There are 2 protein chains.
Amino acid sequence: MSDLTAALEVVGARWALLIVEQLLEGPQRYGDLQRALGTPTNMLATRLRELEAAGVLVRLPLRHNTRAYALTDRGLALREAIDALGRWGAEQREGDSGR
Amino acid sequence: MSDLTAALEVVGARWALLIVEQLLEGPQRYGDLQRALGTPTNMLATRLRELEAAGVLVRLPLRHNTRAYALTDRGLALREAIDALGRWGAEQREGDSGR
DNA sequence: GTCCATACTTGCAAAAAACAAGTGTATTGT
DNA sequence: ACAATACACTTGTTTTTTGCAAGTATGGAC
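Rules behind the numbers
Residues numbered from 1 in each chain as written. Chains lettered and ligands numbered in written order. Predicted model: local features only at pLDDT ≥ 70, side-chain atom pairs only at ≥ 80, totals over all residues. Heavy atoms only, no water. Least-squares fit on C-alpha atoms with pLDDT ≥ 70 in both. Contact = heavy atoms within 4.5 Å. Pairing = 2+ DSSP bridges. Helix = DSSP H or I, 4+ residues; strand = E, 2+ residues; numbered from the N terminus.

A. Fine view of the relation of the copies chain A and chain B. Laying chain A over chain B is done by rotating through 180 degrees and shifting 0.0 Å along the axis; what remains is an RMSD of 0.1 Å. Classification of the inter-copy transformation places it as that of a two-fold axis. Measuring from the rotation axis to each C-alpha of chain A, the shortest distance belongs to Ala81(A), at 2.7 Å. The fraction of interface residues of chain A whose copies in chain B are also interface residues reaches 100%, indicating that both copies meet through the same surface.

As structure tokens, then:
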């Protein structure tokens with residue numbers, strides 16, 4: 001199993017990288033993520049559970065029954081990969097006319 | 001739609017990035033990819049069609065009924081992102097004992 | 001106590017992926 | 001000429017994942 005396979009097992013599922021990208025802007029609550037990304041609520045709940053289990057993020061209890069999701073060091077370390085993919089995606093769109 | 005979303009629309013599907021990673025080592029034939037990655041054959045065919053349509057790779061006819069798949073410039077430009085994800089995946093595995 | 005917000009869960013349908021088997025074309029061996 | 005083999009796929013069918021809609025649990029605010 002390659003290093004890339006190992007990475008994709010954790011963040012290869014749909015929505016996973018988008019959730020991490022959103023959290024790179026700072027800790028956010030469930031509803032914030034949902035509104036920002038448009039993720040179906042059951043998928044968001046599932047992904048957050050998996051990413052927490054993988055040590056990418058943690059739940060921080062706020063007041064009442066609310067909590068914030070925040071990236072761990074491991075999660076923050078995805079910034080480089082996310083930026084690289086984002087740059088590629090941007091280049092992609094520049095030359096769209098040709099396709 | 002963010003740049004990351006644009007990128008994931010092209011290479012976010014299962015197997016897509018693994019196929020590109022494999023082709024970073026040079027043009028290869030269908031059977032080579034299948035053996036190297038263990039991809040189900042119908043999925044491999046589907047992904048190759050999609051990646052070709054997206055301009056990530058091209059089919060090069062060899063002799064007879066064989067062809068090689070080779071990355072375009074756009075495909076080669078994924079190297080940075082793949083390397084970054086691979087490095088993250090490798091770090092991930094170093095600290096596995098804790099989970 | 002009623003209303004609202006937040007953070008989910010549950011049930012079901014649709015889409016995607018995996019598995020298994022088969023097809024068409026050319027090549028090699030006899 | 002004919003059988004056996006290689007290559008690049010396609011075609012069903014089952015299983016898994018995703019999406020949609022609705023409902024539940026908890027904690028204030030009024």
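B. How the structure looks around the sheet that holds strand β1 (residues 28-29) of chain B. Residues and elements named next belong to chain B. Taken in spatial order, the 3 strands of this open sheet run β1-β3-β2, and their pairing is antiparallel. This sheet does not close on itself; its edge strands, each paired only once, are β1 and β2 (57-61). Strand direction decides the pairing type here: β1 and strand β3 (residues 67-71), joined by 2 bridges, are antiparallel. When the bridges of β3 are listed, Arg29 appears paired with Ala68.

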